[in-house]
Amino acid sequence: MQQAIELRCDGLTLRGMIHIPELGKSKYPFVAIYHGFTGNKMEPQFMFVRLSRELEKAGVGSVRFDFSGSGESDGLFEDMSVSNEIKEAKPVLLHKIF
């Protein structure tokens, strides 16, 4: 199952997608996929989308999202820094939907 998610961090909305294997299964491995500088949650040729779908088929959940200033997330790209990315990565890992 694929589902859109939104998280708030420092007043900005971060947008992403989760992929959950076999509904009803209470535990499964989980992977957080973070894009690089100038990237987004899909990546060229939908690489992250394909990866998430393959993980889901293998029974592994995943989340992929856009850092602020990238893709569909709020913010300006010029305001992004490595420190901001680290700060934004944490709520993605702690999101209660996983």
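Everything below is about the structure printed above this text.
Let us look at the structure shown here. (Residues numbered from 1 in each chain as written. Predicted model: local features only at pLDDT ≥ 70, side-chain atom pairs only at ≥ 80, totals over all residues. Heavy atoms only, no water.)

1. Some details on the packing of aromatic side chains
Given two aromatic rings, their pairing is described by the distance between the two centres and the angle made by the two planes.
Thinking step 1. Inspection of every chain in the model, using the stated rule, returns five aromatic pairs.
Thinking step 2. Geometrically, the ring pair formed by Tyr-34 and Phe-65 is edge-to-face, given 5.7 Å between the ring centres and 85° between the ring planes. One end of the pair, Tyr-34, is in strand E3 (residues 30-34); the other, Phe-65, is in strand E4 (residues 61-65), and 31 residues separate them in sequence.
Thinking step 3. Judged by centre distance (5.2 Å) and plane angle (50°), the rings of Phe-37 and Phe-77 are tilted. With Phe-37 in the loop between E3 and helix H1 (47-57) and Phe-77 in the loop between E4 and helix H2 (82-94), this pair connects stretches of sequence that are 40 residues apart.
Thinking step 4. Since its relative accessible area comes to 34%, Phe-77 is described here as partly exposed.
Thinking step 5. Feature note: the residues Tyr-34, Phe-65 and Phe-67 constitute an aromatic cluster, connected by ring pairs. (Phe/Tyr/Trp six-rings, centres within 6.5 Å; stacked < 30°, edge-to-face > 60°. Helix = DSSP H or I, 4+ residues; strand = E, 2+ residues; numbered from the N terminus. Buried < 20%, exposed > 50% of the residue type's maximum accessible area, 1.4 Å probe, protein only.)

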